[in-house]
Amino acid sequence: MFYEFKHPGLFEYFCKETGNNFSFPLHLHQSFEMILILRGSMLVTVEQKSYEVHRGEGVLIFPYQSHALTSEDCEHLLVIFSPELVKSFSASISNQIPEDNRFLLSESLISQCLELEDNSSKYYKKGVLYLLCNQFDKGAEYLNRERDKNNLLLRIFQFVEHNYKKDCSLETLAEELNYEYSYLSRYMKRRIGISYNNYVNEYRISKACEWLRETDKKILECAMECGYESLRSFNRNFNAVMGMSPKEYRKKM
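Basis of the calculations
- Residues numbered from 1 in each chain as written.
- Predicted model: local features only at pLDDT ≥ 70, side-chain atom pairs only at ≥ 80, totals over all residues.
- Heavy atoms only, no water.
- Helix = DSSP H or I, 4+ residues; strand = E, 2+ residues; numbered from the N terminus.
- Expected span 1.5 Å × (residues − 1).
- Buried < 20%, exposed > 50% of the residue type's maximum accessible area, 1.4 Å probe, protein only.
- Arc of directions from axis to C-beta.
- Contact = heavy atoms within 4.5 Å.
- Patch = residues over 30% accessible without salt bridge, like charges linked within 9 Å, V, L, I, M, F, W, Y side chains within 5 Å.
- Areas by Shrake-Rupley, 256 points an atom, 1.4 Å probe, with all protein chains shown as cover.
- Salt bridge = Lys/Arg side-chain N within 4 Å of Asp/Glu carboxyl O.
- Axes fitted to C-alpha atoms, helices over the stretch in contact; angles between N-to-C directions.
- Parallel < 35°, antiparallel > 145°, perpendicular 65-115°, else oblique.
- Nonpolar A, V, L, I, M, F, W, Y, C, P; charged D, E, K, R; others polar.

1. Some thoughts on helix H9 (residues 231-242)
Over its twelve residues, H9 extends 16 Å from the first C-alpha to the last, a length consistent with the 16 Å expected when each residue adds 1.5 Å. Three or more residues of H9 are buried, namely Ser233, Phe234, Asn237 and Phe238. Down the axis of H9, the sector holding all buried residues measures 130 degrees, keeping them to one side. For H9, the exposed residues set more than 90 degrees away from the buried face come down to Arg232, Arg236 and Ala240. Contact partners of the buried residues in H9: helix H7 (196-214), helix H8 (219-225) and helix H10 (246-252). Gly243 sits one or two positions beyond H9 and adopts a positive phi of about 75 degrees.

2. Description of the environment of Glu4
Within the secondary structure layout, Glu4 lies in the loop between strand E1 (2-3) and strand E2 (14-20). Classification of Glu4 by relative accessible area gives buried; the value is 11%. The contact partners of Glu4, leaving out residues within four places of it in the chain, are Phe24, His27, Leu28 and His29.

3. Side note on the environment of Glu33
You can see Glu33 is positioned in strand E4 (residues 32-46). With 27 residues separating them along the chain, Glu33 and Leu60 place their C-alpha atoms 5.8 Å apart. Beyond its immediate stretch of four places on either side in the chain, Glu33 contacts His27, Val59, Leu60, Ile61, His67, Leu69, Leu78, Val79 and Ile80.

4. Observations concerning a nonpolar patch on the surface
Taken together, Leu220, Met224 and Leu231 make up a surface patch of nonpolar side chains, about 260 Å² in accessible area. Relative to the elements of secondary structure, Met224 occurs in helix H8.

5. What about the packing of helix H5 (residues 170-177) against helix H6 (residues 181-192)?
Two quantities define a packed helix pair, namely the angle between the axes and the distance from one axis to the other. Contact geometry for H5 and H6: axes closest at 9 Å, N-to-C directions at 105 degrees. In terms of their interaxial angle, H5 and H6 are classed as roughly perpendicular. When H5 is examined against H6, the residues Leu170, Glu171, Leu173 and Ala174 are found in contact with a partner set consisting of Tyr181, Leu184 and Ser185. For the contact of H5 with H6, the per-class residue count stands at five nonpolar, one polar and one charged.

6. Looking at H5
Side chains that are three or four residues apart share a direction in an α-helix, a result of its 3.6 residues per turn. When H5 is considered as a whole, its buried residues turn out to be Leu170, Leu173, Ala174 and Leu177. Along the axis of H5, the buried residues cluster in a sector spanning 100 degrees; they form a single face. Residues Glu175 and Glu176 are exposed on H5 and point more than 90 degrees away from its buried face. Of the surrounding elements, those touching the buried residues of H5 are helix H4 (152-163), H6 and H7. In the stretch just after H5, Asn178 is the one whose phi turns positive, near 60 degrees.

7. What to know about unusual backbone geometry
A positive phi is found at Glu47, a non-glycine position, where the angle reads about 55 degrees. Glu47 gets classed as partly exposed once you look at its relative accessible area, which sits at 27%. Despite not being glycine, Asn178 has its phi angle at roughly 60 degrees, a positive value. Among the secondary structure elements, Asn178 is positioned in the loop between H5 and H6.

Below, the structure is given as structure tokens:
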């Protein structure tokens, strides 16, 4: 399993994709993800449950739910959107996850989802996405995330999310979660394939990309917003992760 940094949860991130015979390994991210089957079927795994999803059926995956997609003969629509775009819904299901991630979409709602584009107005996006969440919510039953106090990976992600602007070293994490430093180091490497320090660095750079894209703040200000104390270290880390300088990235975007 790995963390998908390219789907951030801040600002009003939105991404729509359509395709055929699509498969993707187990991963998670900060955004909501909706998979709608237009033809054929797809096996969608969400945490410990697997669903065979057919035409007209959708799956709504909540932020930080691990998931994988497998299909051989399928046409699908994929919509990934930040909790910021459906802020009221996000607040209402805070610390909850669905017991079943599947739901049915009406033909009119499917048409509206297909009409969504990256350059659609934010009001139209929010309107359709709220309709989507409302349709899901009408038949959903929820479980409290608090019951899953042993979900260590989620607790680590939440710690970084809340502390990336300041000290979120592995030592601080170990003290906060009351775990051995060495155990957490091995656990992170085993679960997501990269070290804790690399994860924090990539997380901070993903946030910096959002600030560079979505605001007019100076590069130094963006760096400091993301926990970097010097422009030199920020530039070095940004180049290592993105393969270009922050200035080049902003110009490209």
